[in-house]
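The primary structure of each chain is shown beneath.
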Amino acid sequence: MTGFLHIGLILFSFVVVCESEPSHAGLDRDRESHENSRLVHLTSHWAFQLANNSLTFSSADRFCRGHFSSLATLEQSEDQEGVFELLRHTRHCLPIWVRDPSKADSGSLALSKQYAQFSALNFPKESREGFSRVNMSFPTMSSISVCVRVQWNPEWPEVSTIFSYAAPIFTNEFQLRGQVDVHGRILLALIIHGKHLPYKASFPNDGAWHHICVTWLRISGLWAIYVDGDRKDMGSGTDSSRNIYGDGIFILGQDQDSFGGNFTEPFFGNITDLNVWNISLETRHIQALNACSSMIPELLFSWNLADLNSHPTVKEVQVLLFCPAVHQQMELHGCRTLRGWSHQLPLLGWTNCSDPLLFICRSRRERYLTMKQMTDSQNSGPTAFMNHLMKRSNKTQAALVQQPSDLSSLAEASALLDISAQALEDTRQEGLEPTDMVSIIKLLSLAADVPARSGTEATNHSRNVAQELSRHFISVADRIIGGDNALKWQAIKEVVNGPMDVVKSIDRMVTCLSPHLMLETDHLIIHRPNIKVEVQHQMLQEESRGFTFCGPETEKNSKLDCISVPHQKIQALHDNGFVKLTLVNTWYGSLWPLFNLEENITMVPTVTDGSQRYLGTVLGSSVISTTVMGDNQPVSTAVRYQLQHRVQNPTGTVYDPVCAFWDFDLIPEAGGWWNTKGCDVVSKQYGYTVCSCNHTTNFALLLQVYEAQRSPENEKALQVLTFVGCGVSVCGLLFTFILFIAVGIPKSDRTTVHKNLIVALGIAELLLMCSDWASANEAACFVVTALLHLFFMASFSWMLVEGLLLWSKVVTVNISEDRRMTLYYIIGWGLPVLIVGITLTVSVDEYKADDHCWLNVKTDTIWAFVGPVVFVLAVNTVVLCRVVMVTVSSARRRAKMLSPSSASKIQIFDLTWAVTRPVLILLPVLGLTWLCGVLVHLSVVLAYIFITLNALQGLYIFLVYAVYNSEVRNAIKRIKEKRKALSFTNCSQPTSFLPSQRAPMTSWGRSPPTPSSPETSETSGPASSTYTSLVIKNESFRKESFVSFSFKPASENQVVQLTGFKPSGC
């Protein structure tokens, strides 16, 4: 049982990593229950626990995080009450650490937020004469601090002088110099009052920028050298009998062997941000300066190129430097503390962040009570995992029985993880208990925060230990995020934020250990069944390639889960001054079953056309991530990733993928939540989706689940109906346009408007029919989308013109026809071009939908079409109502003119027709059939009606404005009559007249003419008893033909009757 208690103490008690800071043992809360209750205070929502260990601020923050809580804040009244009561009962001394809620974790930020631009001086290797002199007179100084940022030329192996200060009476008064050692490090040394101090402080000769500060204080003789915010060397024993002489010369890049001259030991590289104080800065000041925080007072010289005189070979350059304080200012006065109370209100102060103080962790009340219950149940007896752990622990008992606060090295953490991994393998058949899961997650959080020695002190031994720790760490993490532990994760959801806590621990561990892991290699892979980790290292050059990382290959899926950083982004890092690039990539293949599918992820549905009913959103893919580090600092850059769909579609449901990432800062008390900001779908394919995001983090696909409102058969039928209807509509519009041109309808503003509407609507529907074929090509699809937008907008604009034209007929408008048509053309064509042009200019990147050639309905771009359409329909609805009112009024006036007996029946008929006729005629041309589009989500029948009415709009226009148009029909009738007249004229061209007298006939008939002489004609019988005939000879025919006309005298009055018969030859 003793072994179990030791292991339980390590895995389940408050384990602390101190990073060589002092730790004071407090009350042993496992001895007496009342002692434990004295260190905890419960409120209605929170539990406040006093951790009886004095730690630095960063260690205290990690301590609380490792126990699924956070440092207490004092912003809310309930927080103040809880902390006050806890401290009153425990009677502990103040101050204690508290968290400042205004300070967020920096994380990896965009270059624009994380880096600042500096003007620097370049000292070229081609000349040994380069220097720069500070133009100011220095006073006598009893203390001094000099800080500067340096980028050392890695190809220069000799001694170099960063700066030198020479006084008129003593040359080597104050100087900083450096040289390269056999291990490839830059060693730094100070010269004070002519005394050359040893080369100890160092930084890697990696060509990157480094922040260097040196301080000296006469009263104590203490000096120190800081590199990148850390104190690398310090000492005393300098001449403290005098100050540093004044009126000296301060030179950058050269050693002064004489006052202001005889330069030697030149520096090659870049220098910027030189600042000088006449005080000895403290560590916290230098750490703040390293992060580019605001300057402290008593500054003698501040970096300004205007205050420097440089040699002609020294050139000014612009550089980007890592400055996290640009985004999140580091306070020079330290970290926040609670110092006391005044009338039960907290008195806050600031203390050096490296000082050890007590602190209070705050967690949710339910979480604390559940954890306490688990602890009590585990104390009653060991689980199967703990039994196996005790058996394994005998092999390395020394690493396990020590106090938790002593776990402060990579080797100890690696040994503990190794034993845990073996115990997990032994427990595979029995399975883990919820308490085991909590213990292991705590262990992973602890191991991720184990401090490692800095890169300058890294050795092959530390590399081997780091690699062993990372392998054991991934093995333990892989075991607990396996799909067989899904129910266990649900059981501990009140305590642990979820599997993303493990992901966060892996990210911290690999990122912190990457300098050690990559000491002698550029590529490292750790692969387990559920996790794959890959670390890549590269020195940036002019033509740096992009990076791609993929999950493991499988036989079932040919498309892998992959993430890549485009080479353009890598090149941008090089152009911004980065030298070394490290990418940490991870793939998690089994996280999606651990998220409860019954608990929907809150998200706005992306399908908003009413065709599907939104059910919820679930995690539907693996999780893949990348962390980009430039010169060992996190950098956020754009990435592109592709993930397979892991969730199968149940019958009757469909999925719409959404690109997302896990945002740890979104809901901090819940460990984060899914966010979609900055991520977009590039393409949706069967079984996988390609995404693009403008930052780096943990990415996944969220699948929005919809219940299909239409069957696949209905969807196919609607597509076919749309295609066929558009085809018929285009033909109808084409025939209508041809008729308008061919039949010669008199020119008017009404026919001109009809023609423009026909052209716009015809082209739009023709493009709609071809849009599916263009969707395979991204550029062609974009062009088709813009043209569809333009011509459909033009169609509705001319529908608006149709409405305005009708209004001008109903309401008197004092405007000439020419001016009116100019206005109509501006509305019909100018307005659509303006709308489409503005939309493309404002949102060209979000203009087109992802999977088809139309506007993006997921952004505000769609309102560039919907907004104008709604306006047109509203105006035309008013016009139609006005036209109906006018026709009804006219029908009533006609009814009053009829007799009273028949007025009632005729009035009802006229009124009915007065309403029906304009509605039937004007609905298609005014576009009002589109109003039923808002109802398509209610029923599939309405969808059929909507598509039928609008896809066949061109056919309606053909029937109403061509087939049944009186103007068109009259024009066609006139053409027919004109053709008859022309035919008659061609058949009746007289050339001679032959009078003849024929025998009486009872009817007219065609017969060969009988020749007669003029005499016979003149001596003919009386007119009352005979018919007189004229025979007209037409010589235009191939053979002779005649048309006869007879004159019959009447008894009373002379009547002439002419009847003509067309001969058979015409």
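Please read these numbers as outputs of a predicted model, since none were measured by experiment.

Draft legend 1. Focus on the overall build of the chain. The number of helices and strands found in the chain is 25 helices and 42 strands. Burial status across the chain gives 48% buried among its 1066 residues. Taking as baseline every contact in the chain between residues at least 6 positions apart, the subset at least 24 positions apart corresponds to 74%.

Draft legend 2. Looking closely at the pattern of salt bridges. Applying the stated rule across the entire model yields 15 salt bridges. With its nearest N and O atoms 3.3 Å apart, the salt bridge here joins Arg 336 to Glu 75. Taken as a pair, Arg 336 in strand S23 (residues 335-342) and Glu 75 in the loop between strand S3 (70-71) and helix H4 (77-90) lie far apart in primary sequence, 261 residues in all. A relative accessible area of 16% means that Arg 336 is categorised as buried.

Draft legend 3. Here's a closer look at a negative patch on the surface. A cluster of acidic residues, Asp 680, Asp 845, Glu 846 and Asp 860, forms a negative patch at the surface. Structurally, Asp 680 is set in strand S37 (residues 679-685). Residue classification places Asp 680 among the partly exposed residues on the basis of a relative accessible area of 48%.

Draft legend 4. Spatial organisation of helix H23 (residues 953-963). Restricting attention to buried positions, one finds in H23 the residues Gln 953, Gly 954, Ile 957, Phe 958, Tyr 961 and Ala 962. One face of H23 carries all of its buried residues, which in axial projection span an arc of 140°.

Draft legend 5. A look at helix H14 (residues 500-517). The end-to-end C-alpha distance of H14 is 24 Å, a good match for the 26 Å that 18 residues give at a rise of 1.5 Å each. When the local axis directions of H14 are compared, the greatest deviation, roughly 30°, occurs at Thr 511, which is followed within four positions by the proline Pro 515. Extensive coverage of H14 is indicated by the burial of 14 of its 18 residues.

Draft legend 6. View of unusual backbone geometry. Even without a glycine there, the phi angle at Asn 262 is positive, about 50°. Summarising the element assignment, Asn 262 is placed in strand S18 (residues 261-264). Overall, Asn 262 belongs to the exposed group, its relative accessible area being 53%. The phi angle at Asp 273 is positive, at roughly 55°, despite the residue not being glycine. Mapping Asp 273 onto the fold places it in strand S19 (residues 269-277). On the accessibility criterion, Asp 273 (9% relative accessible area) is buried.

Draft legend 7. Seen up close, the sheet that holds strand S34 (residues 639-644). Judged by pairing direction, the sheet is antiparallel, and its 5 strands sit side by side in the order S28-S29-S34-S38-S37 without closing on themselves. Looking at strand neighbours, the two that pair on one side only are strand S28 (547-550) and S37, the edges of this open sheet. Within this sheet the neighbouring strands show an average axis-to-axis angle of 15°, counted without direction. One ladder, built from 4 bridges, connects S28 with strand S29 (residues 562-565); its direction is antiparallel.

Draft legend 8. Spotlight on the pairing of strand S15 (residues 230-235). Where strand S14 (residues 222-227) and S15 come together, 5 bridges link them in antiparallel fashion. For Tyr 226, the partnering residue across the bridge sits in S15 and is Arg 231.

Draft legend 9. Quick peek at the packing of helix H11 (residues 434-448) against H14. Remark: H11 packs on H14, axes separated minimally by 8 Å, with the N-to-C direction vectors making an angle of 20°. Between H11 and H14, the angle is such that the two are roughly parallel. The interaxial crossing formed by H11 with H14 has left-handed handedness. Mapping the contact onto sequence places Ile 441, Leu 444, Ser 445 and Ala 448 in H11 and Val 502, Ser 505, Arg 508 and Met 509 in H14. Residues that form the contact of H11 with H14 fall into these classes: 5 nonpolar, 2 polar and 1 charged.

Draft legend 10. Expanded view of the confidence of the model for the chain. Confidence in the prediction for the chain averages 76 pLDDT; 73% of positions are at 70 or higher. At the low end of the mean pLDDT range in the chain sits helix H9 (residues 397-401), at 35; at the high end sits strand S16 (residues 249-252), at 95. Here residues 1-35 scores under 50 on pLDDT; set against residues more than four positions off or in separate chains, the count is 90 contacts. Below pLDDT 50 for its whole length, residues 1050-1066 participates in 23 contacts with residues either more than four positions away or in separate chains.

Draft legend 11. Structural context of the packing of aromatic side chains. A full pass over the atoms with the stated rule returns 24 aromatic pairs. Each ring, one from Phe 791 and one from Trp 829, has its centre 6.4 Å from the other, and the planes form 80°; the classification is edge-to-face. Taken as a pair, Phe 791 in helix H18 (residues 778-810) and Trp 829 in helix H19 (residues 817-842) lie far apart in primary sequence, 38 residues in all. Taking the relative accessible area as the measure of exposure, Trp 829 reaches 25% and is therefore partly exposed. Ring-pair connections join several aromatic residues into one group, and the members of that group are Phe 138, Phe 163, Tyr 165, Phe 174 and Phe 250. When the ring centre of Phe 170 is taken as origin, the NZ or CZ atom of Arg 242, which lies over that ring, is 5.4 Å away. Positioned above the aromatic ring of Trp 46 is the side chain of Arg 362, whose terminal nitrogen or guanidinium carbon lies 3.9 Å from the ring centre.

Draft legend 12. Highlighting the environment of Cys 731. Checked against the element boundaries, Cys 731 lands in helix H16 (residues 712-742). Using a relative accessible area of 41% as the deciding quantity, one classes Cys 731 as partly exposed. In sequence terms Cys 731 and Gly 762 are 31 residues apart; their C-alpha atoms lie 8.5 Å from each other.

Draft legend 13. Quick look at a nonpolar patch on the surface. The grouping of Val 720, Phe 723, Val 724, Val 728 and Trp 773 at the surface amounts to a nonpolar patch, some 490 Å² of accessible area in total. Along the polypeptide, Val 720 turns up in helix H16.

Draft legend 14. View of the pairing of S19. With respect to burial, S19 is a largely interior element, 9 of its 9 residues being buried. Inspection of the sheet shows strand S7 (residues 143-152) paired to S19 by 7 bridges, in the antiparallel sense. Across the sheet, Val 146 pairs through a bridge with Val 276, a residue of S19. Alignment of S19 against strand S20 (residues 299-301), held across 2 bridges, turns out to be antiparallel. Residue pairing in the sheet places Trp 277 in a bridge with Leu 299 of S20.

Draft legend 15. The arrangement of the packing of helix H17 (residues 749-774) against H23 in detail. Closest axis-to-axis distance for the H17/H23 pair is 11 Å, and the angle between their directions is 155°. Viewed along their axes, H17 and H23 adopt a mutual orientation that is roughly antiparallel. The hand of the H17/H23 crossing is left-handed. The residues of H23 that touch H17, namely those facing His 754, Leu 757, Ile 758 and Leu 761, are Gln 953, Ile 957 and Tyr 961.

Draft legend 16. How the structure looks around the environment of Ile 169. On the secondary structure map, Ile 169 appears in the loop between strand S8 (160-167) and strand S9 (170-180). For the pair Ile 169 and Phe 259, spaced 90 residues apart in sequence, the C-alpha separation works out to 8.4 Å.

Criteria and thresholds
Residues numbered from 1 in each chain as written. Predicted model: local features only at pLDDT ≥ 70, side-chain atom pairs only at ≥ 80, totals over all residues. Heavy atoms only, no water. Helix = DSSP H or I, 4+ residues; strand = E, 2+ residues; numbered from the N terminus. Buried < 20%, exposed > 50% of the residue type's maximum accessible area, 1.4 Å probe, protein only. Contact = heavy atoms within 4.5 Å. Salt bridge = Lys/Arg side-chain N within 4 Å of Asp/Glu carboxyl O. Patch = residues over 30% accessible without salt bridge, like charges linked within 9 Å, V, L, I, M, F, W, Y side chains within 5 Å. Areas by Shrake-Rupley, 256 points an atom, 1.4 Å probe, with all protein chains shown as cover. Lys, Arg positive; Asp, Glu negative; His and termini not counted. Charge placed at Lys NZ, Arg CZ, Asp CG, Glu CD. Arc of directions from axis to C-beta. Expected span 1.5 Å × (residues − 1). Bend = angle between axes of the 7 residues up to and from the residue. Pairing = 2+ DSSP bridges. Axes fitted to C-alpha atoms, helices over the stretch in contact; angles between N-to-C directions. Parallel < 35°, antiparallel > 145°, perpendicular 65-115°, else oblique. Left-handed = near helix turned anticlockwise from the far one by under 90°. Nonpolar A, V, L, I, M, F, W, Y, C, P; charged D, E, K, R; others polar. pLDDT = per-residue confidence, 0-100. Phe/Tyr/Trp six-rings, centres within 6.5 Å; stacked < 30°, edge-to-face > 60°. Lys NZ or Arg CZ within 6 Å of the ring centre and 35° of its normal.

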